[in-house]
Every structure is written in C-alpha cells, then in structure tokens.
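Notes for the structure review
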Amino acid sequence: MTYTNVDLSKIEITGQNLDYLGIIAGTIKDIGLCDKVEKLLPLKEYKGVKVTHGERVSAMILNGLGFMNDRLYMVSDFFNEKPMKKLFGKNIDKESLNDDALGRCLDAIHEYGETKLFANLAFSIGSEQKLIGRTIKNDTTSISVAGEYKDLSVAKKGEYGNEFSFEYGYSKDKRFDLKQMVLGLATTGTSNFPIWFESLSGNSSDKKSFHETKKKIEKFQKEIKCPHNFIMVMDSEFYNHDKLLSYENSKWITRVPETVKEARKALEEHEDLSTWNQLDKNYHYKIATKKHGNITHKWKIIFSKDAHKKELLTFEKRLEKNKKETQKKVKQLMKEDFRCTKDSLKSGTQLCKRLKFFNLKCTTKTKLVRKQTEEVGQKKFKNIKVHKLDISIEDDKPTQEKARNKLGKFIIATNIMDTSVLSEAEILPTYKSLSGTEKGFKFLKDDAFHASSVFLKTPGRVQALMMIMMLCLMIYNIAEHRIRESLKNNNETLPNQSKKQIKNPSFKWIAQMMRGIMVIYCHLDNGTLIKSNVSNLTDVHKKIIRLYGGEAVKIYELD
C-alpha cells in the first residue's frame, strides 16, 4: 500500500537498534536452532502460551550475546528498543519473554538434561555445518556462584547427568571466598566448535572427571550412531597408567605430568640436542616408546628454545632470591644459643632439609656467655657455656643442574602409533589445539559477557543457564568462523582497530563495527505503519553482511 498526500504533521518516526544482532539472529535461523530445540523440548499446550521454547532459548542467546549484565528478569527490558520481527521473524510481545516464561524454559532444559540436550544440538548442527574435526579437546574451568541456596545439591539427572552441588574448591578465578561449580567443555575442529559440555560439583577433580567425560562422549556417539572416531586431547590430569590401559580402542593425546617419576627422570637428563629431531626453529624432539601391560604408547619429549630462554632467566632470578632468603635464615640460626652440640647440629640439619638448591656445612663452637640471674633482693651474673653454629652455604650443583636440564622441556604422550594416522610432526600442534577450548572459557569469562558470577533461584536453573551460555559460545564461534572463511575464500579484508586490513577479525570486533544500525519506522498518528527500512548502513556494513550471507542478508534488507 502506498500513501500520497499524507499530512506530514501526522507522521511519527521511530527507530529501534538492530546493530550486529541481525547476524546473531540470522545465524540462529541458518542453523535451524529454534526448530531443533522445539523438537527436543516440545512446549506443552496450555492457555496463554505465546512463545515456544526455541524462541525463548533464542531470546536468551540474543540477550547473552548482547554483552549485557542483565539478570534473567531483565531480558524483556533488553528487547525494549529491538526490532522483534527482524530478530524472530514475527512480532513477539517482549512481555512474553518475562522471567516466569524464561524460568520455565530453564526448568524444562534441566528436566531433559543439560548435557544431553546440548550434545544433541551440537552434534546435529556441527555435522550439518561441517564444523566437526577429528579431535575433541576437553578441559574444565570454575564458575563462582553468588548468593545462598537453601538446596545446594541437585539429584542426578539421566544417564549423562552428574551428582551436582555448589562447593568450595580450587578456584581458577582465585575467588576462594565463594562457592563454585566446575564447567567442562569440549571443542572440535578449526573453529573450536563446542560439542560437549557438563556442569560438575565445585570440588570435582579433573583426574576423575576427564575419564568420565570421555566415556560419556563415546557412549553418546554410539547412541546417535556418530561415525567420528575422535582423538581425545586432554591436559596432564588425564594421564593415568591404569586407566589408559583400558583404552585399547580409543585414541588419545595428553601431556605427561612431572609427578610421574619416569617422566621427571627423562626431563632431568642432560641431552645433546644435535641428536634430536628438529621440528622448526624453536622446537626439537625425540620419541621414546613406552609399554604398560599389553598397551604400547609413545612419548614425544619436546624442547623449546624460546621457552628455555625465558624459563632460564626466571630460574636464575628465583635461585638468587632463594639464596638471599637462605642467607637470612642462616644468619638468624647462627645467632641462637644451644645447650649441646647435638641440638645445634639438629637445627642445622632441619634447615638444610628445607632447602632445595643449597646445602649447609655446619660446625659447632663453644662460647662463654655472661647471663643475668634473678635472686631475691639482688642481681647476680654468671658465665654460661653455650654452643653456637658456624654455617657456610654451598650450591647443590647436581640438583641445580637437574632443574636447569628440565627447563623448556615437556612430554606429550599418545597411543596412536600409526604415523599415517598421526605423524610425529602433528603430535605437538594437535596437543596445542587444546588452547581453543581455553579460548572458549576466556569468552565466557569476558567482562562484557559477565558469566563469571551467577545467581538464580535454583541450582537446576544455574545448570540450565550454563547450557545457554554454551549455545552463546556456539553461535559466536560459528559467526566468527563463517566471516573469516568468507574473507579468505573471496580474498577480501576488513579494517581492524588500527585501520589495518586483516582477514581474521574477531566477531567481537565485527559487533563493534556494526553498532549504530537501526530499523526506522514511519507511522500515522493512528498507529498505521507506512514504511520501515534498515538505516545507517555503511559500505563496510554492507560488505560484512554480504560476505556473511544467509538469513542476515534478508534481515538487513540487502537481498
């Protein structure tokens, strides 16, 4: 319908912020997230239902990636100035996204099982988008919880659930004053696509949970008939002789902890690097075969020149500091008086045992000391024979040498003996890809995302909210990966913060560049909509949107 000869005084012009949320909404539509959630969590029909669980999950993702610090009950306020029809494909009343509706959605997620729901979504989306690689990289972090919960525990939910409770434990956030939960995350592929997540009790141990997670993932794969034979990549807490012996049909890569006596001995040996294989200018390595029972695996002992140089500088500073501290302790001990030679030498021996890199050479000497004695009505003095220590500090050269030999070295173990499956040159980069999971944790703990401290009514809702955060990470990674791949395939670039043209922008920077985009509405004073259009699109905005493609092009009206 067109309007002519309209009285301009009766036209009202309003605007709503779209910014980069069109790309988030477009990604949600491209991967069919709403339909997939609704299929797994069909909404029970009852009077007053206006939005599906899929739409509620989408709303929480949009809010989460809106880099807001809003509580759950503030989600509806987040959409106050947002174009709902653009984001959801239909007009949704923001009041339908109240805390009650979203809380019921979190309850439904918890009832189904957060881990199982996320895994179903992730394996389906990852396969469709071809984002699943040959490795699964698993790690954990801690999330602090604020407030007091009357019921601190949650009953085990389903076969993939865990005994869960908020507990004090080792806090990776250094917030030992707060109870916490432990978040497990596994990623895959070059995009670090999140494929598995679980929430664990705050005092859970990686030594136990890593092995339990591995078994759960493999069990889930069998249930959904997933053909991927993943290589499990985990940190050193995974290395356990007895448990690794049972993994005959599994592939794994992990770091060998220095607490393993054989590993510590191997690292402390003096080595002639000219006999080692050179991986590049920085890394040298040698391979050692290890056998435990009927299982054979190999150690790749790696030396890094850069790490050695840095660690040596730190070690020498620490050694000098230790020596000064030892000198103070020795000086203090030499001032003390002892009643006998045995007591003095015992004190010297005890101090020597506490030293790591130094030895003490102790001798005794006697000395007469004039001391005052109290008697009634008068003061008297007498000479007392005491024993003093004479101590000299000596370098413990063998111990210092062993410590220096370890610098810049570490060991990676794997049971993949076939070099056609995993070459020796691929072992190190495959293990280092574990940093992709750590980047996921960095995203979750970003000050802009505000996931470092959470508070909801029940522990079950907290667990469900963790799954929503994982979906935020999934959408973020898909969006970042897609724009980078498009730039690479089209040989295009985008400006970074320094106006330098790059091909690998972070999605956070893309979001920053796309601020200011609005949807403008023209209404008659009776509320009739005359026209709406997306405004403030610059050439850079249009370039980003066209490179991104998919539903985003329609949302920004560039189709």
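Residues numbered from 1 in each chain as written. Predicted model: local features only at pLDDT ≥ 70, side-chain atom pairs only at ≥ 80, totals over all residues. Heavy atoms only, no water.

**A look at the overall build of the protein**
Keep this limit in mind: Think of it this way: any DSSP run of H or I at least four residues long counts as a helix, any run of E at least two long counts as a strand, and we number them from the N terminus. We call a residue buried when its accessible area falls under 20% of the maximum for its residue type, exposed when it is over 50%, and partly exposed in between, using a 1.4 Å probe and counting protein chains only. Residue contacts are counted whenever heavy atoms from the two residues lie within 4.5 Å of one another. The method behind every accessible area is Shrake-Rupley, applied with a 1.4 Å probe, and residues are considered shielded solely by the protein chains displayed.
Secondary structure summary: the protein contains 19 helices and 19 strands in total. Looking at the protein as a whole, 48% of its 559 residues are labelled buried. If you take every contact in the protein between residues at least 6 apart in sequence, the share linking residues at least 24 apart comes to 69%. About 29500 Å² of surface is accessible on the protein, with carbon and sulfur atoms providing 48% of the total.

**Some points on the pattern of salt bridges**
Put simply, the rule reads: In the sections that follow, a salt bridge refers to a side-chain nitrogen of Lys or Arg positioned within 4 Å of a carboxyl oxygen of Asp or Glu.
Counted under the stated rule, the structure contains 18 salt bridges. Among the ionic pairs, E480 bridges to R484, the shortest N-O distance being 3.8 Å. Highlighted residues: E480 and R484, both in helix α16 (residues 459–489), separated by four residues, approximately one helical turn. Assessed through its relative accessible area of 29%, R484 is described here as partly exposed.

**Comments concerning the nonpolar core**
The tendency in soluble globular proteins is for nonpolar side chains to be buried as a group. For the record, the criterion: Put simply, buried Ala, Val, Leu, Ile, Met, Phe, Trp, Tyr and Cys residues joined by side-chain atoms within 4.5 Å make one nonpolar core.
Membership of the largest hydrophobic core comes to 118 residues, with the highest contact counts inside it found for I23, I24, I61, F79, I109 and Y556. It is α16 that contributes the most residues to this core, 18 residues altogether. Dropping the residues within four chain positions of it, I24 is found in contact with I61, L62, L65, I475 and F507.

**Brief notes about unusual backbone geometry**
Look at N491: it is not a glycine, yet its phi comes out positive at around 55°. Residue placement: N491 occurs in the loop between α16 and β16 (494–495). When its relative accessible area of 58% is taken as the criterion, N491 is described as exposed. The residue K499 is not glycine, and still its phi comes out positive at about 70°. Mapped onto the secondary structure, K499 falls in the loop between β16 and β17 (501–502). The exposure class assigned to K499 is exposed, which follows from its relative accessible area of 68%.

**Considerations on the packing of aromatic side chains**
Stated precisely, the cut-off is as follows: Whether two aromatic rings pair depends on their centres lying within 6.5 Å, for rings of Phe, Tyr and Trp, where Trp uses its six-membered ring; planes under 30 degrees apart make the pair stacked, over 60 edge-to-face, and the rest tilted. For a Lys NZ or an Arg CZ to count as sitting over a ring, it must be within 6 Å of the ring centre and within 35 degrees of the ring normal.
In total, this model carries twelve aromatic pairs according to the counting rule given. Where W196 meets F220, the ring centres are 5.9 Å apart and the plane angle is 65°; that geometry is what we call edge-to-face. Of the two residues, W196 is situated in strand β6 (residues 193–201) and F220 in helix α8 (residues 206–223); the sequence distance between them amounts to 24 residues. According to the relative accessible area criterion, W196 is buried, its value standing at 1%. With 6.1 Å between their ring centres and 10° between their planes, F238 and Y247 make a pair best called stacked. Pair check on accessibility: F238 and Y247 agree, each one buried. Put simply, the rings of Y20, F443, Y476 and F507 touch in pairs and so form one group of aromatic residues. One residue, K116, lies across the ring of Y112, its end atom 5.6 Å from the ring centre.

**Points about the packing of α16 against helix α18 (residues 539–548)**
A pair of packed helices is captured by two measures, namely the crossing angle of their axes and the spacing between those axes. To keep things clear, this is the line we draw: Axis geometry follows a simple rule: fit a line to the C-alpha atoms, using only the stretch in contact for helices, then measure angles between N-to-C directions, giving values from 0 to 180 degrees. For this classification, under 35 degrees means roughly parallel, over 145 means roughly antiparallel, 65 to 115 means roughly perpendicular, and everything else is oblique. Only Asp, Glu, Lys and Arg are considered charged in this grouping, and only Ala, Val, Leu, Ile, Met, Phe, Trp, Tyr, Cys and Pro are considered nonpolar; every other residue, Gly among them, is considered polar.
Across the interface, α16 lies against α18 with an axial gap of 9 Å and an inter-helix angle of 95°. Between α16 and α18, the crossing angle belongs to the class labelled roughly perpendicular. Mapping the contact onto sequence places I478, A479, R482, I483, S486 and L487 in α16 and I544, L547 and Y548 in α18. Split into classes, the residues belonging to the contact of α16 with α18 amount to seven nonpolar, one polar and one charged.

**Focus: the environment of T349**
The residue T349 is located in helix α12 (residues 341–354) in this model. Relative accessible area serves as the criterion here: at 40%, T349 is assigned to the partly exposed category.

**Quick look at helix α2 (residues 33–40)**
Counted only if it meets this: What the arc covers is the set of directions going from the helix axis to the C-beta atoms.
Within α2, burial applies to L33, K36 and V37. End-on view of α2: buried residues confined to an arc of 95°, all on one side of the axis. In α2, the exposed positions angled more than 90 degrees off the buried face are occupied by D35 and K39.

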